[in-house]
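# Chains, contacts and geometry: an overview
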Amino acid sequence: MANYDVIVIGAGPGGYVCAIRCAQLGLKTACVEGRDTLGGTCLNVGCIPSKALLHASHRLHEAEHTFARMGLIAEKPKVDFNRMLAYKAETVKGNTTGIEFLFKKNKVDWLKGWGRLAGAGRVDVGGTAHSARHIVIATGSVPAALPGIHVDEQTVVTSTGALALKKVPDKLVVIGAGVIGLELGSVYARLGAEVTVIEFLPRITPGLDAEVAKTFQRILKKQGINFILNAAVSGVDTSAGRAKITFTDRKKGTEMATTADIVLVATGRRPFTDGLGFADLGGEMTERGQVAVNAHWVTSLPGIYAIGDVIEGPMLAHKAEDEGMAVAEIIAGKAGHVNYDVIPGVIYTAPEVAHVGATEESLKDSGIPYKAGKFPFMGNARAKLVHQADGFVKLLAHAETDRILGCHVIGPAAGDLIHEICVAMEFGASAEDLALTCHAHPTCSEALREAALACGDGAIHA
Ligand code: NAI
């Protein structure tokens, strides 16, 4: 007799959301978590602490650069980095204890320890065997290693170490111009570090709309971040105290080197299945080391599901959450569904970058006829008055049906604005539907409507 209906392994955004939803649907549920606190990478060493540092350092940047322009005269603000780290820790604690409260409220048992699959319907946690009719793997991801580079989390750090530096480095080298590198690079650049980002490809943020990426790089450069593109890092030597980073200029083939106090390795993450026992039981993995699942998140082992970073797809907390809810509903006999065409992505720099759906590049590749309606924030009164008019909205709609296919925003509050487009896309809206929707004035969201107007007879304020 199983002692649970469902055991979820991992309490990150995928796992804890799945567990809570299972319990809400009347299933006797436990969630296994080996960390001392709930919330996984996102709450403990990812999204939440990084956003705290981004928020604080953005406020510093505003105080330094825009206060005086608005007639706010203050002494030059000083950074108390220890206090900033304490604010980050308080933020994390508030969130992780919040999940603990939600577990108690929803009667989800927290099985403390690292879970190991021990056969059909069985999970071992710290030597104690538990059984369940359904098991959900939600073990997430960890930073991927870069060959030849030893991470000590002191001088050569991953995002985890970069969120807990002892002091603001004088010089930071970031390897990888992806989301983590640019968010954390922004934090330390604003706090006064000299930041250089070394990227393998000839562009930053691969996968992002190329025009947005170009504008993004220009803005970050203006904020003082240096970029070395098309460069392959081959090693980091810390034997002389300071780090020496060697890399090859991929165009010229020449070896180059630079030094730094801290090196952040931000070249991607890998699914985390260490010690889980899934492969030992004969569970099927993909070539990229992910747990293989079918369209209903069922693995090759009966009664075992998998969700989030450990399976294929973008490594995003909200994608994992959606999958967690869908699996809970399927286990409860309902119809769980995730629309992978409408999963927004946000980079929390200043300005923010947000996107959903197709890019111009992907539409060209698949031969879909489209029109692009573009509107610069320079024509938006609200963005101008908050001194954040750098950037634009680009709305992509089908050339014949006018149906919205994607949207790309670089500008103020982009990460919030994008959800209007997500809802529109879920309802199969056309650009004209958006253009005919009254938007309050003066708001940044008017820029989205203007981009929709630009898909038709033209924007008003362009
Ligand atoms: P990423 O995949 O976003 O970017 C990695 C970058 O490193 C790429 O531009 C790649 O070309 C480059 N790279 C790879 N090998 C290199 C080498 N040897 N030398 C120089 N550059 C190299 O990975 P990242 O930033 O580590 O993030 C990991 C995951 O976490 C991503 O899936 C990301 O979406 C997710 N994440 C999402 C956040 C958000 O949504 N705001 C925040 C943080 C992470």
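Nothing here was measured: the structure is a model prediction, and the numbers come from that model. Note on numbering: residues in each chain are counted from 1, in written sequence order. Note on the predicted model: pLDDT of at least 70 is required for a residue's local features to be given, and 80 or more for side-chain atom pairs to be given and counted; whole-chain, interface and lining totals, by contrast, use all residues. Only hydrogens and water are set aside; all other atoms, that is, all heavy atoms of the structure, feed into the side-chain values.

### Let's talk about the domain arrangement of the chain
The line we're drawing: An automatic or database domain assignment is the source of the domain bounds shown. Note on contacts: a residue pair qualifies if any of its non-hydrogen atoms lie within 4.5 Å across the two residues. Throughout, the accessible surface (probe 1.4 Å) given up by two parts as they are put together, summed over both, is called the buried area. For salt bridges, the criterion is a side-chain nitrogen of Lys or Arg within 4 Å of an Asp or Glu carboxyl oxygen. Nitrogen and oxygen atoms within 3.5 Å of one another constitute a polar contact, given that in protein one can donate a hydrogen and the other can accept it, and given that sequence-neighbouring residues count only through two side-chain atoms. A run of H or I in DSSP becomes a helix once it reaches four residues, and a run of E becomes a strand once it reaches two; helices and strands are each numbered from the N terminus. Nonpolar residues are Ala, Val, Leu, Ile, Met, Phe, Trp, Tyr, Cys and Pro. Charged residues are Asp, Glu, Lys and Arg, and all others, Gly as well, are polar.
Split into domains, the chain comes out as domain 1 (2–143 + 270–338), domain 2 (156–267) and domain 3 (342–454). Contact with domain 1, which involves 11 residues of that partner, is made by 7 residues of domain 3. Interface area for domain 1 against domain 3, summed over the two sides, is near 750 Å², with a carbon-plus-sulfur share of 71%. For the pair domain 1 and domain 3, the interface holds 0 salt bridges. At the boundary of domain 1 with domain 3, the tally comes to 2 residue pairs in polar contact (both at pLDDT 80 or more). Counting residues per element, the side of domain 1 that touches domain 3 draws most heavily on helix α3 (residues 47–65), which supplies 4 residues. Tallied by class, residues from the side of domain 1 that touches domain 3 come to 4 nonpolar, 3 polar and 4 charged.

### Section: the packing of helix α1 (residues 13–24) against helix α4 (residues 81–106)
What counts here: Structural elements are reduced to axes, namely lines fitted to C-alpha atoms, with helices fitted over the stretch in contact, and the angle between N-to-C directions of any two is expressed from 0 to 180 degrees. Working definition: roughly parallel below 35 degrees, roughly antiparallel above 145 degrees, roughly perpendicular at 65 to 115 degrees, and oblique for all remaining angles. Note on convention: the crossing is left-handed when the near helix lies turned anticlockwise from the far helix by less than a right angle, right-handed when the turn is clockwise.
Packing of α1 against α4 brings their axes to within 9 Å, and their N-to-C directions diverge by 20°. Taken together, α1 and α4 sit at an angle that is classed as roughly parallel. Two packed elements cross with a definite hand, and for α1 against α4 that hand is left-handed. Here α1 contributes Tyr16, Ala19, Ile20, Ala23 and Gln24 to the contact with α4, which in turn contributes Ile99, Leu102, Phe103 and Asn106. Its residues placed into classes, the contact of α1 with α4 shows 7 nonpolar, 2 polar and no charged.

### Here's the deal with α3
For clarity, the cut-off: Here, expected helix span is obtained from the residue count minus one, scaled by 1.5 Å. With a 1.4 Å probe rolled over the protein chains alone, any residue whose accessible area is under 20% of its type maximum counts as buried; one over 50% counts as exposed, and the rest are partly exposed.
Taking 1.5 Å of rise per residue, the 19 residues of α3 would be expected to cover 27 Å, and the 26 Å separating its terminal C-alpha atoms lies within 8% of that figure. When α3 is considered as a whole, its buried residues turn out to be Pro49, Ser50, Ala52, Leu53, Leu54, Ala56, Ser57, His58, Leu60 and Glu62. Residues of α3 that are buried sit in contact with α2 (40–45), α4 and α6 (179–190).

### Focus on the packing of aromatic side chains
How we decide: Each aromatic pair joins two rings of Phe, Tyr and Trp (for Trp, the six-membered one) with centres within 6.5 Å, and gets the label stacked for planes under 30 degrees apart, edge-to-face for over 60, and tilted for any other angle. Here, over-ring charges are defined by two tests on the NZ atom of lysine or the CZ atom of arginine: distance to the ring centre within 6 Å, and angle to the ring normal within 35 degrees.
All chains considered together, the criterion is met by 1 aromatic pair. Residue placement shows Lys374 over the ring face of Phe392; its charged tip is 4.4 Å from the ring centre.

### What to know about the site of the ligand
Just so we agree on the cut-off: Throughout, near means a residue has at least one heavy atom within 4 Å of the molecule or strand. The accessible surface values rely on the Shrake-Rupley method and a 1.4 Å probe; as for residues, cover is taken only from the protein chains in view.
Close to the ligand lie 23 residues; Ile180, Glu183, Glu199, Gly268 and Val346 are nearest. Here an oxygen atom of the ligand sits 2.9 Å away from a polar atom, N or O, in the main chain of Ile180. Interatomic distance of 3.0 Å between a side-chain N/O atom of Glu183 and a nitrogen atom of the ligand. Computed on the free molecule, the ligand has an accessible area of 850 Å², of which 78% lies beneath the protein chains in the complex. Elements represented by at least two residues in the shell around the ligand include exactly α6 and β12 (231–237). No other element matches α6, which puts 3 residues into the shell around the ligand. Residues belonging to the shell around the ligand are distributed by class as follows: 16 nonpolar, 4 polar and 3 charged.

### Examining the environment of Gly345
Within the secondary structure, Gly345 is located in strand β18 (residues 345–347). Sequence spacing of Gly345 and Glu312 is 33 residues, and the spatial spacing of their C-alpha atoms is 16 Å. Excluding residues within four positions of it along the chain, Gly345 makes contact with Val353, Ala354 and His355.

### What about the sheet that holds strand β9 (residues 171–175)?
Note the following rule: The rule for pairing is simple: two strands pair if DSSP sees at least two bridges between them.
One open sheet accounts for 5 strands, arranged β8-β15-β9-β10-β11; its pairing is parallel. The open sheet has two edge strands with one neighbour each: β8 (156–157) and β11 (226–228). Here 4 bridges tie β9 to strand β15 (residues 262–265), and the two strands are oriented parallel to one another. Paired with Val173 across the strands is Val263, a residue of β15.

### Things to note about the sheet that holds strand β21 (residues 392–398)
With antiparallel pairing, the 5 strands of this open sheet are ordered in space as β18-β19-β22-β21-β20. The sheet is open, and its two borders are formed by β18 and β20 (370–376), each paired with just one other strand. If you compare each strand with its neighbour and ignore which way they point, the axes differ by 10° on average. In this sheet, strand β19 (residues 352–357) lies alongside β18 in antiparallel orientation, the contact comprising 3 bridges. When the bridges of β19 are listed, Gly345 appears paired with His355. Across the sheet, helix α7 (residues 210–222) lies against β18, β19, β20, β21 and β22 (404–411), angled at about 5° from β22, the strand it touches most. Each of β20, β21 and β22 is contacted by helix α13 (residues 446–454), which is oriented at about 140° to β20, the strand it contacts most.

### Regarding the environment of His318
In this fold, His318 is placed in helix α8 (residues 317–331). As a C-alpha pair, His318 and Thr37 span 281 residues in sequence and 20 Å in three-dimensional space. What His318 contacts, discounting residues up to four positions off in sequence, is Ile343 and Pro344. In this structure the side chain of His318 is engaged in a polar contact, spanning 2.6 Å, whose partner is the backbone oxygen of Pro344.

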